[in-house]
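Results of the structural survey
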Amino acid sequence: MFRSSSEIKELIASWDLINDGTKVEIIFVDDCCPQNSKDAVLSKWLERKEDITKPIGRIIYSPENQGFGTSCNIGAMNATGDYLIFLNADTQVTPGWIRPLIRQLKKDEVGIVGNMQLKSVNGKDIIDSAGSEWNWNSSSFMHIGRDIYNGVRLQNPFSLTNCPKEIFETQEREMVTGACLAIRKSLFQEIGGFNPNYRIAYWEDSEICMTVREMGYKVIYQPNSRIYHSGQHSKSGGHKFNEHNRNY
């Protein structure tokens, strides 16, 4: 799901078709935001046609914007693999980012895996999310390394050079953000996917993480998988339905 051709251009340009030898099926869900967004996907992959030796995926077209949860559920319904990775369009991937996620999901006790998400600011890599933790003052989950760390609000996000060493360690989390979230397809189907009853804003990823934890599975942060996330893709934090979804 994406807002502009520039976002999807950066994501497609960063995609490694080798994927460390991992077999990958790419599914774009065009949720009609903006209009003709599927054309941007096709045009950007056409620019890489010399790299493509076999079919790599498909585009699922929706005639209306149905929101994050429903769009992700549609993509999952059409996926043929054993593992699902949901990825925002306002991201750029890095070499070898898929395998560390799948490696964690092969552990029976793990239900969901997220990764280290970075943002490049003035040529410096800063933490956008290293998983999330609940904060009662804001009554919401907050991004570790960007907004909060061990319950203490941060004045500025950590960078890769000044962050605590634990940021580079695989750890259990209360939540990981839906900007990049991996789960076994069988578990996703068992819980019924993302809850489609939220209005277009936020919180679907929070709920699915809490659901998986209530079932006894772990939500894991895996820093050996890294992506860049420009953020504010949906501008959900200031969306008119954000409070509605929080209450729900």
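Residues numbered from 1 in each chain as written. Predicted model: local features only at pLDDT ≥ 70, side-chain atom pairs only at ≥ 80, totals over all residues. Heavy atoms only, no water.

**As for the overall build of the chain**
Of the regular secondary structure elements, the chain holds seven helices and 13 strands. A total of 248 residues make up the chain; the buried ones form 47% of that total. Here the contacts in the chain between residues at least 6 apart in sequence split such that 75% fall between residues at least 24 apart. If you sum the accessible surface of the chain, you get close to 12,600 Å²; carbon and sulfur atoms cover 48% of it. (Helix = DSSP H or I, 4+ residues; strand = E, 2+ residues; numbered from the N terminus. Buried < 20%, exposed > 50% of the residue type's maximum accessible area, 1.4 Å probe, protein only. Contact = heavy atoms within 4.5 Å. Areas by Shrake-Rupley, 256 points an atom, 1.4 Å probe, with all protein chains shown as cover.)

**Quick notes on the nonpolar core**
Ranked by size, the top nonpolar core spans 22 residues in total, and within it I8, W15, F28, W45, W97 and V113 carry the most contacts. For this core, the secondary structure elements donating two or more residues are α1 (5–14), β1 (26–30), α2 (37–46), α4 (99–105), β5 (110–121), β12 (180–184) and β13 (218–229). Discounting chain neighbours no more than four positions away, the residues touching W45 are I12, W15, L17, I26, F28, I52 and I56. (Core = buried A, V, L, I, M, F, W, Y, C linked by side-chain atoms within 4.5 Å.)

**Topic: the environment of V110**
As for its position among the elements, V110 is in strand β5. On a C-alpha basis, the gap between V110 and I183 in space is 8.8 Å, while along the polypeptide they are 73 residues apart.

**Observations regarding the environment of Q222**
Note that Q222 resides in strand β13. Each C-alpha atom of the pair Q222 and R173 lies 10.0 Å from the other, and the pair is 49 residues apart in sequence. Side chain to side chain, Q222 and T170 meet in a polar contact 3.2 Å long. (Polar contact = N/O pair within 3.5 Å; in protein donor to acceptor, adjacent residues only side chain to side chain.)

**As for helix α6 (residues 204–214)**
For α6, every residue scored as buried is listed here: E204, D205, S206, I208, C209 and V212. Buried residues in α6 make contact with α3 (68–77), β5, β8 (140–143), β12, α5 (185–190) and β13. Positioned one or two residues after α6, G216 has a phi angle of 100°, which is positive.

**Quick notes on the pairing of strand β3 (residues 83–87)**
What you see with β3 is a clean split: L84 and F86 sit on the buried side and Y83, I85 and L87 on the side with no burial. Here β3 pairs with β12 via five bridges, running antiparallel. When the bridges of β12 are listed, Y83 appears paired with R184. (Pairing = 2+ DSSP bridges.)

**Points about the pattern of salt bridges**
Counted according to the given criterion, the structure contains eight salt bridges. A salt bridge links E25 to R58; the shortest N-O distance between them is 3.1 Å. Residue E25 is found in the loop between α1 and β1, and its partner R58 is found in strand β2 (residues 57–61); the two are separated by 33 residues along the sequence. A relative accessible area of 31% means that E25 is categorised as partly exposed. Here D51 makes a salt bridge to R48, at a shortest N to O gap of 3.1 Å. Look at D51 and you get partly exposed, because its relative accessible area is 43%. For R48, a relative accessible area of 16% translates into the label buried. Through salt bridges that share partners, K119, D128, R146 and D147 make up one connected network. (Salt bridge = Lys/Arg side-chain N within 4 Å of Asp/Glu carboxyl O.)

**A word on the confidence of the model for the chain**
On average, residues of the chain carry a pLDDT of 89, and 90% of them reach 70 or more. Considering only residues more than four positions removed or in separate chains, one finds that residues 233–237, a stretch of pLDDT under 50, has 13 contacts. (pLDDT = per-residue confidence, 0-100.)

**Regarding the pairing of β8**
One ladder, built from four bridges, connects strand β7 (residues 132–135) with β8; its direction is antiparallel. Paired with S132 across the strands is H143, a residue of β8. Between β7 and β8, which pair antiparallel and follow one another directly, the connecting turn spans four residues, one of which, S139, has a positive phi of 55°.

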